[in-house]
Amino acid sequence: MRTNTLKAPGATLYYEVRGEGPVLLLICGGVYDAAGYAGLAGRLAERYTVVTYDRRGNGRSPLDGAPEHQSVEVHGDDAGRVLTAVGVTAERPAHVFGNSSGAEIGLELATRHPELVRTLVAHEPPVFDLLPDRDHWRAVVDQVEKVFTEEGVEAAGQALSAAMGMGGGEPSEEDRADGADGAQRVDGGGADGAEGASGGQAAGEGDAAAAHGPEGGMDAGMAEMMERMGRNFAFFIGYEVPGFSRYAVDVAALRASGVRVVPAVGEASQGEPPYRATIALAELLGAEPVAFPGDHGGFGSQHVAFATRLDQVLSAS
């Protein structure tokens, strides 16, 4: 794996590159960073040049100044900068996969920089503005902001988690063997990332044996990752949830972009808010939603089967 950084207006972006082949950018959401995609990226690196990165303000991508409210538009430009940094051009566009708020970033990337994107697989973007009960979700976000200001991060996270009502999936036996054990479960998702306060979604982190020391405890690398997740959680609740949860996708521009957009849902997340939002998006795009293994965090808890499904979808483009 190769690592690097690039300077963007207001931040420095950390990114990772694995494998060889067509470029595939994986955009994370919620409270996790590039490490949350390690298991999935490792599988896909057999056929793709897989690029992962820490979003600005998260993990190893510090802001230049104090924390500030984030917009999907700025993050969409960041994703474009990462693609350009690894050599993606209009003549050789990339495949893009985004989960949750990372899928929202992918939608904005395809809208703002369509020449860089060949295929976008948008896995359960929480575009609540497309739902019939959008007013309810606006009120939820207003309340989370209020709680964050008055009571702090933990209380705001609990308020959001209670409103979302989502659960985390368990790793399959195959994924356990490939490294997605209980100790590797990190916070995931987009507006549901507050689940991290009580467990969160699973994210495969490579070889399970490498994640633990000889006594079975957490090694330094895993401890560092978990410490980053804690910092990301505070940034997510206070500075990402407000803007990302109010994001309104420009469906007309997306349809006109020429990008192949594949709305994706989890087989085990039917009825949950991001699932419903994705179905609404698919209807507006006139696209058939594609089911992926697991729930909202299936990219981690079932990353082996998830990688196979993603490769099938991308190969069809």
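Caption draft 1: Looking closely at the pattern of salt bridges. For the structure shown, the criterion picks out 20 salt bridges. Residues D78 and R56 are paired through a salt bridge, measuring 2.6 Å at the closest nitrogen-oxygen approach. Placement of the pair is D78 in helix α2 (residues 72-85) and R56 in the loop between β4 (49-53) and α2, with a sequence separation of 22 residues. Each member of the pair, D78 together with R56, is buried. A salt bridge links R246 to E145, with the shortest nitrogen-to-oxygen separation between them at 2.6 Å.

Caption draft 2: Representation of the side chain of R56 in the model. A relative accessible area of 4% places R56 in the buried class. Among the polar contacts listed, one links the side chain of R56 to the backbone oxygen of P9, at a separation of 3.0 Å.

Caption draft 3: How the structure looks around the environment of T89. The topology assignment puts T89 in the loop between α2 and β5 (94-99). The exposure class of T89 is partly exposed, given its relative accessible area of 32%. The contact partners of T89, leaving out residues within four places of it in the chain, are E115 and L116.

Caption draft 4: Region of the structure containing the pairing of strand β7 (residues 260-266). For β7, the buried fraction is high: 6 of the 7 residues fall into the buried class. Pairing of strand β6 (residues 117-123) with β7 involves 5 bridges; the strand directions are parallel. Each bridged residue has a counterpart across the sheet, and for H123 the counterpart in β7 is A264. With respect to chirality, the unit in which β7 leads through helix α9 (residues 273-285) into the neighbouring parallel strand β8 (residues 290-292) is right-handed.

Caption draft 5: Highlighting the sheet that holds β4. Judged by pairing direction, the sheet is mixed, and its 8 strands sit side by side in the order β1-β2-β4-β3-β5-β6-β7-β8 without closing on themselves. A strand with exactly one partner marks an edge of an open sheet, and here the two such strands are β1 (2-8) and β8. Taken over all neighbouring pairs, the strand axes of this sheet differ in orientation by 25 degrees on average, direction set aside. This element, helix α3 (residues 101-112), spans β3 (23-27), β4, β5, β6 and β7 of the sheet and lies at about 150 degrees to β6. Most of the contacts of helix α11 (residues 303-315) go to β8, to which it runs at about 155 degrees, and overall it touches β3, β5, β6, β7 and β8.

Caption draft 6: Up close: the nonpolar core. In this structure, L25, L83, L107 and L120 are the most contacted members of the largest nonpolar core, which totals 54 residues. Ignoring sequence-local partners within four residues, the contact set of L25 consists of V51, Y53, A79, V82, L83, H95, V96, F97 and L109. Ranked by size, the runner-up nonpolar core spans 27 residues in total, among them C28, L40, A41 and A264.

Caption draft 7: Here's a closer look at the layout of surface pockets. Its boundaries defined by the atoms lining it, the second largest pocket holds a volume of some 180 Å³. Every residue along the wall of the second largest pocket is listed here: G21, P22, V23, V86, G87, V88, R92, P93, A94, H95 and R118. Looking at the lining of the second largest pocket, its residues break down into 6 nonpolar, 3 polar and 2 charged.

Caption draft 8: Structural view of the confidence of the model for the protein. Averaged over every residue, the pLDDT of the protein is 88; the share at 70 or more is 84%. Counting interchain partners and residues more than four positions distant, the pLDDT-below-50 stretch residues 180-214 has 137 contacts.

Caption draft 9: Structural view of unusual backbone geometry. With a phi angle near 60 degrees, S100 is a residue other than glycine that sits in the positive phi range. Summarising the element assignment, S100 is placed in the loop between β5 and α3. Despite not being glycine, E124 shows a phi value in the positive range, around 50 degrees. With respect to the helices and strands, the residue E124 is situated in the loop between β6 and α4 (134-151). Exposure remark for E124: the relative accessible area of 0% places this residue in the buried category.

Caption draft 10: Broad picture of the pairing of β6. For β6, the tally of buried residues reaches 6 of 7 residues, placing the bulk of the element in the interior. In terms of handedness, the path from β5 via α3 over to β6 forms a crossover that is right-handed.

Caption draft 11: Molecular detail of the side chain of H95. Mapped onto the elements, H95 comes out in strand β5. Take H95: its relative accessible area is 4%, and that puts it in the buried class.

Caption draft 12: Summary view of helix α5 (residues 153-164). The end-to-end C-alpha distance of α5, which contains 12 residues, comes to 17 Å, matching closely the 16 Å that a straight helix rising 1.5 Å per residue would cover. Restricting attention to buried positions, one finds in α5 the residues A156, G157, L160, S161 and M164. The buried residues of α5 all sit within an arc of 135 degrees when viewed along its axis, so they share a single face. Facing away from the buried side of α5 by more than 90 degrees, the exposed set consists of E154 and A162. Where α5 is buried, its residues touch α4, α7 (220-245) and α9. At the exit of α5 stands G165, carrying a positive phi of roughly 60 degrees.

Thresholds, definitions, all that
Residues numbered from 1 in each chain as written. Predicted model: local features only at pLDDT ≥ 70, side-chain atom pairs only at ≥ 80, totals over all residues. Heavy atoms only, no water. Salt bridge = Lys/Arg side-chain N within 4 Å of Asp/Glu carboxyl O. Helix = DSSP H or I, 4+ residues; strand = E, 2+ residues; numbered from the N terminus. Buried < 20%, exposed > 50% of the residue type's maximum accessible area, 1.4 Å probe, protein only. Polar contact = N/O pair within 3.5 Å; in protein donor to acceptor, adjacent residues only side chain to side chain. Contact = heavy atoms within 4.5 Å. Pairing = 2+ DSSP bridges. Right-handed = clockwise from strand over helix to strand, strands pointing away. Axes fitted to C-alpha atoms, helices over the stretch in contact; angles between N-to-C directions. Core = buried A, V, L, I, M, F, W, Y, C linked by side-chain atoms within 4.5 Å. 1 Å grid on protein atoms, 1.4 Å probe; cavity = no way out; pocket = protein on both sides within 12 Å on 5 of 7 lines; lining within 4 Å. Points joined across faces, edges and corners; volume = space filled by probe spheres on them. Nonpolar A, V, L, I, M, F, W, Y, C, P; charged D, E, K, R; others polar. pLDDT = per-residue confidence, 0-100. Expected span 1.5 Å × (residues − 1). Arc of directions from axis to C-beta.

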